[in-house]
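Secondary and tertiary structure notes
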Amino acid sequence: MGNSLFHGEDLTCIRGGRTVFLGLNFSLSEGEALILEGPNGSGKSSLIRMLSGLVRPKLGKILWQQQDATKEPEIVQRHIHYIGHRNAIKPVLTVLENLAYWSGKTKDDPSLDDALDHFRMLPLKHTPANLLSSGQSRRLTLSRLLASERSVWLLDEPSVGLDVASVALLENVIQTHRSKGGSVIFATHSPIHVESPSRLNLQDYSPLYNKELLAVEDDEESWV
Ligand SMILES: Nc1ncnc2c1ncn2[C@@H]1O[C@H](COP(=O)(O)OP(=O)(O)OP(=O)(O)O)[C@@H](O)[C@H]1O
């Protein structure tokens, strides 16, 4: 593992007027894979969205290297790929057009074919995206990871809809990314095998599941 790249201190997340998690710390180093665990509603997606700059922490700090990114998510956003649990695909565009649109590259850029090839999507490159199966849509979404280089991948349920062979392709790109110093944080309910992962269980920080936190939450009613 290299130096700490990205970390959060004492993070509190409030959504819909409820405390999702509080007092959460995390740290991510170059080459690290951090798996977010926890039952439904414990805040895995919320944390990923917070680290992507889409949800603001109510309390706490987010730091990228030595820079405070809590109020300036752009500091982090230029280094990350965020893939949510839904596929953001434009149905009227072809597979290749979707990838070009998303990556900001022209359709003849060879890196797009390479990315599609890795996820076995090259034979479908001229197919309109509305004709894809759910697993194929997911593979198109994941091919974005390879179409432009970012050092940290934030993946919410990346293997949803994938068959066993496609999960292996995902595991393979994660391994290659890490071998080049890239890092990944992901939430999953189905196994994705990566070498020597770190783990963060959101249950420990959730007042819904950790009753000891209810008292802390009550003391801080003014947050909501
Ligand atoms: N847009 C939203 N507005 C208000 N509350 C939300 C919103 N999205 C999620 N929540 C709430 O935040 C809490 C945590 O949800 P989140 O999706 O982060 O959990 P999760 O651990 O990813 O769950 P799952 O395993 O079911 O995907 C839940 O109580 C949920 O109702």
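Please refer to the structure higher up on the page.
First things first, this report covers the structure right here in the doc. (Residues numbered from 1 in each chain as written. Predicted model: local features only at pLDDT ≥ 70, side-chain atom pairs only at ≥ 80, totals over all residues.)

1. Here we look at the overall build of the chain
A count of helical and extended segments in the chain gives 7 helices and 9 strands. Against the compact-globule benchmark of 17 Å for 224 residues, the chain has a radius of gyration of 18 Å, which places it among compact chains. Expressed along its principal axes, the backbone C-alpha trace of the chain runs to roughly 60 × 35 × 30 Å. Across the 224 residues of the chain, 38% fall into the buried class. Across the chain, contacts joining residues at least 24 apart in sequence account for 69% of those joining residues at least 6 apart. (Helix = DSSP H or I, 4+ residues; strand = E, 2+ residues; numbered from the N terminus. Rg over C-alpha atoms; globule rule 2.2 N^0.38 Å. Buried ≥ 20, exposed ≤ 12 C-beta atoms within 10 Å, placed from the backbone. Contact = placed C-beta atoms within 7 Å.)

2. Overview of the sheet that holds strand β2 (residues 18-29)
Reading across the sheet, the 4 strands line up as β2-β1-β4-β5 and stay open at both edges, with antiparallel pairing between neighbours. In this open sheet, the two edge strands, each paired with only one partner strand, are β2 and β5 (67-68). Pairing between strand β1 (residues 4-15) and strand β4 (residues 59-64): 5 bridges, direction antiparallel. The residue bridging G8 from the neighbouring strand is I62, located in β4. Docked against the sheet, helix α1 (residues 44-51) engages β1, β2 and β4, running at close to 120° with respect to β1. (Pairing = 2+ DSSP bridges. Axes fitted to C-alpha atoms, helices over the stretch in contact; angles between N-to-C directions.)

3. Structural notes on α1
The buried fraction of α1 amounts to 6 of the 8 residues, a majority that puts the element mostly inside the structure. Taken together, the buried residues of α1 touch β1, β2, β3 (33-37), β4, β7 (152-156) and β8 (183-187). Directly beyond the C-terminal end of α1, a positive phi value near 85° is found at G53.

4. A closer look at the site of the ligand
In the region of the ligand, the neighbouring residues are R15, G16, V20, G38, N40, G41, S42, G43, K44, S45, S46 and L202. Residue contributions to the shell around the ligand peak at 3 residues, all from α1. The residue inventory of the shell around the ligand, partitioned by class, reads 2 nonpolar, 8 polar and 2 charged. (Near = placed C-beta within 6 Å. Nonpolar A, V, L, I, M, F, W, Y, C, P; charged D, E, K, R; others polar.)

5. Focus on the sheet that holds β3
Spatially, β6-β7-β8-β3-β9 is the arrangement adopted by the 5 strands of the open sheet, whose pairing is parallel. The open sheet is flanked by β6 (80-83) and β9 (198-201), the only strands paired with a single partner. Neighbour-to-neighbour, the strand axes of this sheet turn through a mean angle of 15°, independent of strand direction. Across 4 bridges, β3 lies against β9 in parallel orientation.

6. Let's talk about the packing of helix α3 (residues 95-103) against helix α4 (residues 110-118)
With their axes 10 Å apart at the nearest point, α3 and α4 run at an angle of 120° to one another. Classed by the angle they form, the pair α3 and α4 counts as oblique. Between α3 and α4 the crossing geometry is right-handed. Only L112, A115 and L116 of α4 make contact with α3, whose side of the interface consists of V95, L96, L99, A100 and S103. Residue composition of the contact of α3 with α4, grouped by class: 7 nonpolar, 1 polar and no charged. (Parallel < 35°, antiparallel > 145°, perpendicular 65-115°, else oblique. Left-handed = near helix turned anticlockwise from the far one by under 90°.)

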